[in-house]
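# Inside the fold
Each chain, letter by letter, is given below.
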Amino acid sequence: MDKNYDVKILGEETIYHGKRVTLKKLYIEVNGKETFKEIVDFGEAVAILPILNEHQIPEQTEIIVIKQYRPAVGKWIIEIPAGVVERGEKLEETAIRELIEETGYRPSKLEKLASIHPTPGYSNEIIHIFVAKGLQPGKPQPEPYEAIRIEKITIRQALRLLLENQPADAKTLTAMLLYLHFKTRT
């Protein structure tokens, strides 16, 4: 840590409490000066990279992506299945539940790749990224508010689509790049 900064948390105030997020005003002191930051209290989520057919050349591995309409940005986003960890739920349980809900596929194996803070400037959200293998097909069970299309493509095709659809979904891009990184190292 940088020795030039003295940071203290002085308190917090809840401004708004909704179904999924809470907006808080976090009072802090930085080098003796009081200020505040508005923080989105989101909690934990999972994202799952579903592997259909692993290939010797990692970029040719076949995966499942979804196109989901995201009202916050007003467009269809190419992404991997993801969702919020419910109270008392284990990360792996959430990953399986979300994969089944959004794609219908049930994995026989989950591997955790990493945990990331996607937007630490204003949110405490943590996304735990998993790879799912040994997929058994089933019927998707999306939430009533989810508009989802399922696609089976290679990682190379998915990366191209992501980068063409600027701005790209960060969790999806991160998951694919981590998968490629670890596959080329083994």
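Description of the structure in this document. (Residues numbered from 1 in each chain as written. Predicted model: local features only at pLDDT ≥ 70, side-chain atom pairs only at ≥ 80, totals over all residues. Heavy atoms only, no water.)

### Notes on helix α3 (residues 170–185)
Inclusion rule: Comment: elements are numbered from the N terminus, with helices defined as DSSP H or I runs of at least four residues and strands as E runs of at least two. Any helix carries an expected span of 1.5 Å times its number of residues minus one. The rule is simple: take the accessible area with a 1.4 Å probe, protein chains only, and divide by the maximum for that residue type; under 20% is buried, over 50% is exposed, in between is partly exposed. Taken from the helix axis, the directions to the C-beta atoms give the arc we talk about.
Under the 1.5 Å per step criterion, the end-to-end length of α3 is 22 Å for 16 residues, consistent within 8% with the ideal 22 Å. Every buried residue of α3 is listed here: K171, T172, A175, M176, Y179 and L180. Axial view of α3: buried residues confined to an arc of 165°, hence all on one face. Facing away from the buried side of α3 by over 90 degrees, the exposed positions are T184 and R185.

### Remarks on the sheet that holds strand β3 (residues 33–41)
The strands that make up a sheet are held in pairs by hydrogen bonds between backbone atoms, and each pair lies either parallel or antiparallel. Operational definition: Here, strands pair whenever DSSP counts at least two bridges between them. Note on definitions: angles span 0 to 180 degrees between N-to-C directions of axes, and those axes are lines fitted to C-alpha atoms, for helices only across the stretch in contact.
Reading across from one edge, β1-β2-β3 is the order of the 3 strands in this open sheet, with antiparallel pairing throughout. Each of the sheet's edge strands pairs with one partner strand only, and the pair in question is β1 (7–17) and β3. Across the sheet, the mean angle from the axis of one strand to that of its neighbour is 20°, orientation sign disregarded. With 9 bridges connecting them, β1 and strand β2 (residues 22–30) associate as antiparallel partners. Looking at β2, one finds that Y16 is bridged to L23.

### Description of unusual backbone geometry
It is generally the case that most residues other than glycine have a negative phi and that most peptide bonds are trans. For N31, which is not a glycine, the phi torsion comes out positive at approximately 50°. You can see N31 is positioned in the loop between β2 and β3.

### Focus on the packing of aromatic side chains
Quick note on the threshold: Only rings of Phe, Tyr and Trp enter the pairing, Trp through its six-membered ring, and a pair is recorded when the two centres are within 6.5 Å. The plane angle decides the type: under 30 degrees is stacked, over 60 is edge-to-face, the rest tilted. Definition used: whenever NZ (Lys) or CZ (Arg) falls within 6 Å of the ring centre and also within 35 degrees of the ring normal, the charge is taken to sit over that ring.
Considering all chains together, one arrives at 1 aromatic pair under this definition. Judged by centre distance (5.8 Å) and plane angle (70°), the ring pair of Y69 and W76 falls under edge-to-face. Residue classification places W76 among the partly exposed residues on the basis of a relative accessible area of 32%. In this arrangement the basic side chain of R149 is found over the ring face of W76, its NZ or CZ atom lying 3.9 Å from the centre.

### Remarks on the side chain of E89
Where we set the bar: Whenever two N or O atoms come within 3.5 Å, that pair is a polar contact, provided that in protein one can donate a hydrogen and the other can accept it, and provided that, for residues adjacent in sequence, both atoms are side-chain atoms. A contact between two residues is defined here by any heavy atoms of the two lying within 4.5 Å.
Following the sequence through the fold, E89 ends up in the loop between β7 (82–84) and α1 (91–103). Within the structure, the side chain of E89 is placed 2.8 Å from the side chain of R97, a separation counted as a polar contact. Here E89 is in contact with V84, T94 and R97, once residues within four sequence places are set aside.

### What about the environment of I100?
Considering the arrangement of structural elements, one finds I100 in helix α1. The class for I100 is buried, based on a relative accessible area of 13%. Taking the C-alpha atoms as reference, I100 lies 9.7 Å from Q136; in sequence the two are 36 residues apart. With residues near it in sequence (within four places) discarded, I100 still touches Y105, R106, K139, P140 and Q141.

### Here we look at the packing of helix α2 (residues 155–164) against α3
Rules: What makes a crossing left-handed is the near helix being turned counterclockwise from the far one by less than a right angle; a clockwise turn instead makes it right-handed. Three classes are used, and their members are as follows: Ala, Val, Leu, Ile, Met, Phe, Trp, Tyr, Cys and Pro are nonpolar, Asp, Glu, Lys and Arg are charged, and the others, Gly among them, are polar.
With their axes 11 Å apart at the nearest point, α2 and α3 run at an angle of 145° to one another. Along this stretch, α2 crosses α3, giving a crossing that reads as left-handed. On α3, the residues that touch I155, A158, L159, L162 and L163 of α2 are T172, L173, M176, L177, Y179 and L180. When the residues that make up the contact of α2 with α3 are grouped by side-chain class, the tally is 10 nonpolar, 1 polar and no charged.

Remember, this is a structural readout, not a statement about activity or role.
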